[in-house]
Amino acid sequence: MAEYTKPCRELWVLGIKPGSGREEVIISYLKAGGYTCRVEQFENLKTGRPLGAVLDISPFSEDGWGVLLQIKNSPEIRDIPVLPVFLSEKGKVGGVFPVAGFFTLPVDEQYLQNRLAVYGLTEEAETWDLQSMVVSRNGEDKLSKAIESLGFEVVKGYTGKEALAISSIHPVYVVFCNQMLPDMSAFELQERFRLYPYSSNIPLFVLLKDEMKEGEKLAMSREIAHLVRKKQLSCDEFLGHIRRRE
């Protein structure tokens, strides 16, 4: 009889320079939640295969956005869940952004179908008339057609404010949103969705460019900085985001 092996609950913390001291708070939070965790490097993901990654995407990170793109552009490891966080220069937890997941553009249609099936989001589309929203300044026609092929009706919003208005009129089952919109980031849109009962639980997938210049990465980090609390999140607040994703 094969010996039962308990699933690994190890989480890796990425985007932090080892030994910098910025990892101390978030490591202490994760350990308080019963997780084995450590600061690691992207290069070790293919062999390490952690339960998930907690990734610093602040301006103080070690190329957090670049690490995220490398993960999501690598077929061998792109299924590893990533929780983006914003850590201060001293490592205080200022923000957590628990989106449903990330896809790089142009989206791999088969991968899109597989991931939505894993989340159980395609089952209801076969029975009910469900709407999916694509929020992008250019409409993302190829992605929209791929979503329609899965049985969803697609509605489009071209700004964050338009997406909020649409969701208040029509129930939306799932949202796909460019990380940067003309008026806000995808993370800010998600936070606004969560303010209203009719949209608080909508799964939101973030669409990323497959390549980013250094200036774009810095601009995205600065764009989400205004979502960050001046007072750091408590351990319980942080762990609440982790538990909702499991």
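Shown above is the structure to which this text applies.
Residues numbered from 1 in each chain as written. Predicted model: local features only at pLDDT ≥ 70, side-chain atom pairs only at ≥ 80, totals over all residues. Heavy atoms only, no water.

Let us now look at the sheet that holds strand β2 (residues 36–39). Strands sit in the order β2-β1-β3-β4-β5 across an open sheet of 5 strands; the sheet is mixed. For this open sheet the edge positions go to β2 and β5 (93–96), each flanked by a neighbour on one side alone. Shown here is a sheet whose adjacent strand axes are inclined to one another by a mean of 25 degrees, direction ignored. Relative to β2, strand β1 (residues 10–14) is paired through 4 bridges, and the arrangement is parallel. Residue pairing across strands places leucine 11 opposite cysteine 37, the latter belonging to β2. (Pairing = 2+ DSSP bridges. Helix = DSSP H or I, 4+ residues; strand = E, 2+ residues; numbered from the N terminus. Axes fitted to C-alpha atoms, helices over the stretch in contact; angles between N-to-C directions.)

Turning our attention to the nonpolar core. The biggest cluster of nonpolar side chains holds 43 residues, and the ones touching the most others in it are Trp65, Val175, Phe187, Leu189 and Leu204. Of the residues forming this core, the biggest block, 5 residues, is contributed by helix α3 (residues 64–72). Beyond its immediate stretch of four places on either side in the chain, valine 175 contacts Met133, Val135, Phe193, Ile202, Pro203, Leu204 and Phe205. Residues Val107, Leu116, Ile147 and Phe152 belong to the second largest nonpolar core, which totals 21 residues. (Core = buried A, V, L, I, M, F, W, Y, C linked by side-chain atoms within 4.5 Å. Buried < 20%, exposed > 50% of the residue type's maximum accessible area, 1.4 Å probe, protein only. Contact = heavy atoms within 4.5 Å.)

Spatially, 5 strands are ordered β6-β10-β9-β7-β8 in an open sheet, and the strand pairing comes out parallel. Edge strands, defined here as strands with exactly one partner in the open sheet, are β6 (101–105) and β8 (153–157). Neighbour-to-neighbour, the strand axes of this sheet turn through a mean angle of 25 degrees, independent of strand direction. Relative to strand β10 (residues 204–209), strand β9 (residues 174–178) runs parallel, the two being bridged by 4 bridges. Across the sheet, the residue bridging to asparagine 178 is leucine 207, located in β10. Packed onto the sheet, helix α6 (residues 160–169) meets β7 (131–135) and β8 and runs at close to 135 degrees relative to β8.

What follows covers the packing of aromatic side chains. Tallied over the full model, the rule gives 10 aromatic pairs. Measuring from centroid to centroid gives 5.9 Å for tyrosine 29 and phenylalanine 238, while their planes differ by 40 degrees, and the two rings are tilted. Here tyrosine 29, found in helix α1 (residues 24–32), pairs with phenylalanine 238, found in helix α9 (residues 235–245); they are 209 residues apart in sequence, far enough to count as distant. Tyrosine 29 sits in the buried class, given a relative accessible area of 9%. Looking at phenylalanine 238, the relative accessible area reads 0%, which means it is buried. Measuring from ring centre to ring centre gives 5.5 Å for tyrosine 196 and tyrosine 198, while their planes differ by 10 degrees; the resulting arrangement is stacked. (Phe/Tyr/Trp six-rings, centres within 6.5 Å; stacked < 30°, edge-to-face > 60°.)

It is worth spelling out the pattern of salt bridges at this point. Applying the stated rule across the entire model yields 11 salt bridges. For arginine 115, the salt bridge goes to aspartate 79, with nearest N and O atoms at 3.7 Å. One end of the pair, arginine 115, is in helix α4 (residues 109–118); the other, aspartate 79, is in the loop between α3 and β4 (82–87), and 36 residues separate them in sequence. What makes arginine 115 buried here is its relative accessible area of 14%. (Salt bridge = Lys/Arg side-chain N within 4 Å of Asp/Glu carboxyl O.)

In this section: unusual backbone geometry. Residue proline 106 is reached from leucine 105 by a cis peptide bond, and omega for that bond is -5 degrees. Here proline 106 lies in the loop between β6 and α4. Backbone geometry at aspartate 63 places phi at a positive 55 degrees, although glycine is not the residue there. Among the secondary structure elements, aspartate 63 is positioned in the loop between β3 (52–56) and α3. With relative accessibility at 34%, the residue aspartate 63 sits in the partly exposed group. One non-glycine residue with positive phi stands out, namely glutamate 140, at about 50 degrees. Inspection of the secondary structure assignment puts glutamate 140 in the loop between β7 and α5 (141–148).

Turning next to helix α8 (residues 214–223). Taken together, the buried positions of α8 are occupied by Lys217, Met220 and Ser221. Buried residues of α8, seen end-on, are gathered within an arc of 100 degrees and therefore sit on one face of the element. Set apart from the buried face of α8 by more than 90 degrees, the exposed residues are Gly215 and Arg222. Each element contacted by the buried residues of α8 is listed here: α3 and β4. (Arc of directions from axis to C-beta.)

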